There are 2 protein chains.
Amino acid sequence: MANNELDSRKMLILKAIIDDYIESKEPVGSRTIAKKYDMGLSSATIRNEMADLEEMGYLTQPHTSAGRIPSEKGYRLYVDRLMNLKEQGIEPTSEELGDIKSHMQHKISELSEQMRMASEIVSRLTDYTAILVSGSGRRSMKIKALQTVPVETGKALILIVLDDDTVKNSLVSIDSAITPEMLMRISVQCNLLFAGHRVEDINLDMIEMVAESTGVPRMLLYPIVEGIVACIRKAENTEVHTEGASRLLAHPEFNDIGKARNVLELLNKEDLLADMIQECSSAGGLVVRIGSENKIQDLNDCSVVTASYSVNGVELGTIGVLGPTRMDYSKVISALEYVRKGLEEGLGKKPKAE
Amino acid sequence: MANNELDSRKMLILKAIIDDYIESKEPVGSRTIAKKYDMGLSSATIRNEMADLEEMGYLTQPHTSAGRIPSEKGYRLYVDRLMNLKEQGIEPTSEELGDIKSHMQHKISELSEQMRMASEIVSRLTDYTAILVSGSGRRSMKIKALQTVPVETGKALILIVLDDDTVKNSLVSIDSAITPEMLMRISVQCNLLFAGHRVEDINLDMIEMVAESTGVPRMLLYPIVEGIVACIRKAENTEVHTEGASRLLAHPEFNDIGKARNVLELLNKEDLLADMIQECSSAGGLVVRIGSENKIQDLNDCSVVTASYSVNGVELGTIGVLGPTRMDYSKVISALEYVRKGLEEGLGKKPKAE
DNA sequence: GTTAGCACTCAAACGAAGCGAGTGCTAACA
DNA sequence: TGTTAGCACTCGCTTCGTTTGAGTGCTAAC
């Protein structure tokens, strides 16, 4: 109490309490600590220290005659300085590393698919819900290729391939006066003009140029332009995907059906999720948001850990793990880092271009 | 008891009981029926009839001193012969008809997207969970167009457009010896050969023909073939999508967190869902499965109503509604039929090709 | 500074009492 | 013969008091 900095014994006790609480899910008393983590102290001493820790705001009591549980401040300290990352705990799941690797070798799939797989693995590993926000957000992406494909009379498919091999397409109806041959010319011109450019570079002038160089009346070109715009919109839209929502119900803090429902409903609101996750990701790397640090009300007794992934400078997306405040932070962080390795290894092979 | 066929009065009473139970969610007693649905009978008489109905297996009692609730047999009769479809109850949501219509006019999107929207509307309308199984299942689909598109050196995009305007694509790595020009020839040949054919008609002979007519070494052609196969696999895979899972939690029968969890977990098992929904759809039109009529154990106190949709002979998919056995069958069926109109209208316009 | 001991607190578990919705049965009535 | 009034009975739910026990805070001794 003399100092508001924690001495190392208090730290040790706090760590023990949080470790135990994460494992047992029950408020932890002084006796438990004295017995289980023998640090040569009696329960009475621990009790005194606990009282101090509570006064300093690291612990709270659900009610007078119960044990202590960590406060948000306690968790924060734990995450920042106390917990030890257990790398060994994850090893047995190396079958799953096989999973992700083999999937990537099998064929070059869209990155977002790989991310999806990664998020599933994270969710399985941690037993919490994973939230995947893939795609570049509003960031700038180059167009690798753009094509218009005749489907049948009066219909064409517009498709663009982006930097990260994401494919976007949009089916439009076109004037039946446009022959496949004309379409081909349009396709070639568009490709020439747009390929290598950023999505946001495309403007009406460029479209005008296509009209001129192909000789196709501008009116007839219009639906095609609309298709291109639709593709761009799709590409700009970040994709949101959640994995393992039902896993949340396994944790006792969601026994209250009302809470569970609030959170599950939130998981359907993709825009909110995307904002939340991307905001975190801006800091880059790993971010932990504990309890009320989350801006979303319904998550006030949840924590979210997010990790952003990018390989070779290309941003793949962000995976967030959502669980109760009493989550196993160590396990979650290990899982997220673990998947990072998997993703990078899998993608490192790609440039070989065998 | 003399006859094991129900006289019309028993029917009326049974209907009243089930109607009331669906609305109130509580076991219903004889007094309630006598008062609320005045059919000129005293509670005592109703009581006698109820005893008969119970003996015949249409009703059960949760415990001696409670009211009656319908048995599965009761629900079955109700669905088959007693309930009246309330079409008026749905009308106020005609804003949502606007929704679906405008979305369809805005641009020709993949059918599966439209179905997705439809399933969302059904879920919102009914407050239960909607399960969408789109795509043709194992059924035979014609290929409308097939294209290979160069993306960059060493990479090509294979894409096929199917009967129902579903677009499938697959990115493959190809030998860098294949020039865009060669790829173009391959593309034209493949399109010529495969367009108009069913997915399962494609065989190795046809691929051999492509190799011959384009002069591309068969070894180099191999990755492309793999891409095509991948596309086909994707097309064969029925897509499963669930909408509004969290809505289930609003209903009292899912207050038991264990039950809720079982069902929510089931909703992640796409293969099981697809099997279940498609099996129903085989009968065509509307199918109601009550309680243990569902083969899946976890759904033994749920009901599933499925409707299959096809327009112009093209099968779009099936939407299933999952809710507690005590679901508002009438509302669910109305909603499914209602969306049918929306889908058909929206698609009826398409052939106009404006 | 640490520890043993003791009085105290309070949520959770248990159980008895009362309530009340609903039933089945019997007897009277049309 | 079908309907109804009346009444005793059942039984799940709620309420409320009691007990239990894990855990605390405090004090006094080491």
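Residues numbered from 1 in each chain as written. Chains lettered and ligands numbered in written order. Predicted model: local features only at pLDDT ≥ 70, side-chain atom pairs only at ≥ 80, totals over all residues. Heavy atoms only, no water.

### As for the overall build of chain A
What counts here: To qualify as a helix, a DSSP run of H or I must reach at least 4 residues; to qualify as a strand, a run of E must reach at least 2; elements of each kind are numbered from the N terminus. For every residue, the accessible area obtained with a 1.4 Å probe (protein chains only) is divided by the maximum for its type, and the residue is called buried under 20%, exposed over 50%, and partly exposed between those limits. Contact between two residues is taken to exist if any of their heavy atoms lie within 4.5 Å; hydrogens are not considered.
The number of helices and strands found in chain A is 12 helices and 10 strands. Relative to its full complement of 354 residues, chain A shows a buried share of 53%. Of all intrachain contacts in chain A linking residues separated by at least 6 positions in sequence, the fraction that spans at least 24 positions is 61%.

### A few points about the relation of the copies chain A and chain B
Where we set the bar: Residues reaching a pLDDT of at least 70 in both copies supply the C-alpha atoms on which the copies are superposed by least squares.
Screw-axis analysis of chain A against chain B gives a translation of 0.1 Å along the axis, an RMSD of 0.3 Å, and a rotation angle of 180°. The symmetry that links the two subunits is that of a two-fold axis. Closest to the rotation axis within chain A is the C-alpha of Ile257(A), separated from it by 3.6 Å.

### With respect to the packing of helix H1 (residues 8-24) of chain A against helix H4 (residues 72-82) of chain A
Residue and element names in this part refer to chain A. Applied cut-off: To obtain an axis, a line is fitted to C-alpha atoms, over the contacting stretch when the element is a helix, and the angle between two such axes runs from 0 to 180 degrees between their N-to-C directions. Throughout, the term roughly parallel applies to angles under 35 degrees, roughly antiparallel to angles over 145, roughly perpendicular to angles from 65 to 115, and oblique to all others. When residues are grouped by polarity, Ala, Val, Leu, Ile, Met, Phe, Trp, Tyr, Cys and Pro land in nonpolar, Asp, Glu, Lys and Arg in charged, and all others, Gly among them, in polar.
In contact at an axis separation of 10 Å, H1 and H4 are set at 105° when each is read in the N-to-C sense. On the basis of their axis angle, the class for H1 and H4 is roughly perpendicular. Along the contact surface, H1 presents Met11, Leu14, Lys15, Ile18, Asp19, Tyr21 and Ile22, while H4 presents Gly74, Tyr75, Leu77, Tyr78, Arg81 and Leu82. Of the residues that constitute the contact of H1 with H4, the class distribution is nine nonpolar, one polar and three charged.

### Looking at the protein's contact with DNA strand D
How we decide: Put simply, a residue is near a molecule or strand once any heavy atom of it comes within 4 Å of that molecule or strand. We call two N or O atoms a polar contact when they sit within 3.5 Å, provided that within protein one can donate a hydrogen and the other can accept it, with sequence-adjacent residues counted only if both atoms are side-chain atoms.
The immediate surroundings of DNA strand D are formed by 21 residues, with Ser30(A), Arg9(B), Ser42(B), Thr45(B) and Ser65(B) found nearest. Taking Ser30(A), its side chain carries an N or O atom lying 2.7 Å from a phosphate oxygen of DNA strand D. Separating a phosphate oxygen of DNA strand D from a side-chain N or O atom of Arg9(B) is a distance of 2.5 Å. Of all the secondary-structure elements, those providing two or more residues to the surface near DNA strand D are helix H3 (43-55) of chain A together with helix H3 (43-55) of chain B. The greatest single-element share of the surface near DNA strand D, amounting to four residues, is contributed by H3(B). Of the residues contributing to the surface near DNA strand D, the split by class is four nonpolar, 13 polar and four charged.

### Here we look at the packing of aromatic side chains
Operational definition: Only centres within 6.5 Å qualify two rings of Phe, Tyr or Trp (six-membered ring in Trp) as a pair; their planes then separate them into stacked at under 30 degrees, edge-to-face at over 60, and tilted for everything else. By the criterion adopted, a ring carries a charge over it if an Arg CZ or a Lys NZ lies within 6 Å of its centre and within 35 degrees of its normal.
Applying the stated criterion across every chain yields a total of two aromatic pairs over all chains. Look at Tyr75(A) and Tyr329(A): their rings are 5.8 Å apart centre to centre, the planes differ by 55°, and that puts the pair in the tilted class. Residue Tyr75(A) is found in helix H4, and its partner Tyr329(A) is found in helix H12 (residues 329-348); the two are separated by 254 residues along the sequence. Residue Tyr75(A) is classed as buried on the basis of its relative accessible area, which comes to 4%. One cation-aromatic arrangement involves Lys73(B) over Tyr58(B); the distance from NZ or CZ to the ring centre is 4.6 Å.

### What to know about the domain arrangement of chain A
All names here are of chain A. This is how it is decided: Where each domain starts and ends comes from a domain assignment, either automatic or drawn from a database. We define buried area as the total accessible area lost by two parts upon association, computed with a 1.4 Å probe and summed across both. Salt-bridge detection follows one rule: a side-chain nitrogen of Lys or Arg within 4 Å of a carboxyl oxygen of Asp or Glu.
Each assigned domain of chain A is listed with its residue range as follows: domain 1 (3-82), domain 2 (94-136 + 238-346) and domain 3 (143-236). Listed by partner, the interface residues are eight residues for domain 1 and 13 residues for domain 2. Across the domain 1/domain 2 interface, buried area totals approximately 960 Å², and carbon plus sulfur atoms make up 64% of it. Broken down residue by residue, the surface that domain 1 buries against domain 2 is led by Ile22, Glu72 and Arg76, which jointly contribute 50%. For glutamate 293, the salt bridge identified is with arginine 76, shortest N-O distance 2.6 Å. Here domain 1 and domain 2 share four residue pairs in polar contact (both at pLDDT 80 or more) between them. Elements represented by at least two residues in the side of domain 1 that touches domain 2 include exactly H1 and H4. The biggest single contributor to the side of domain 1 that touches domain 2 is H4, with five residues. A breakdown of the residues in the side of domain 1 that touches domain 2 according to their chemical character gives five nonpolar, no polar and three charged.

### Quick word on the interface of chain A and chain B
Interface size, as often reported, equals the accessible area lost upon joining of the parts. With 38 residues of chain A at the contact, the number on the chain B side is 38 residues. Around 3400 Å² of area is buried between chain A and chain B when both sides are counted, 62% of it from carbon and sulfur atoms. Taken together, the links from chain A to chain B amount to two salt bridges. For the salt bridge of Lys144(A) with Glu152(B), the shortest nitrogen-to-oxygen distance reads 3.5 Å. Taken together, chain A and chain B are joined by three residue pairs in polar contact (both at pLDDT 80 or more). Listing elements by their share of the side of chain A that touches chain B, those giving two or more residues are strand E4 (143-152), strand E5 (155-162), strand E6 (167-173), helix H9 (218-236) and helix H10 (257-266) of chain A. Broken down by element, the residue count for the side of chain A that touches chain B peaks at seven residues, all from E4(A). Of the residues assigned to the side of chain A that touches chain B, the class counts are 19 nonpolar, eight polar and 11 charged.

### Concerning the protein's contact with DNA strand C
Not every one of the 21 residues close to DNA strand C is listed here, only the nearest: Arg9(A), Ser42(A), Thr45(A), Ser65(A) and Ser30(B). In DNA strand C, the atoms that sit within 4 Å of the protein are 75% sugar and phosphate, with bases accounting for the remainder. Between DNA strand C and the protein, one listed contact pairs a phosphate oxygen with a side-chain N or O atom of Arg9(A) at 2.6 Å. One of the side-chain nitrogen or oxygen atoms of Ser65(A) is found 3.2 Å away from a base oxygen of DNA strand C. Listing elements by their share of the surface near DNA strand C, those giving two or more residues are H3 of chain A together with H3 of chain B. In terms of residues, the surface near DNA strand C owes the most to one element, H3(A), which gives four residues.

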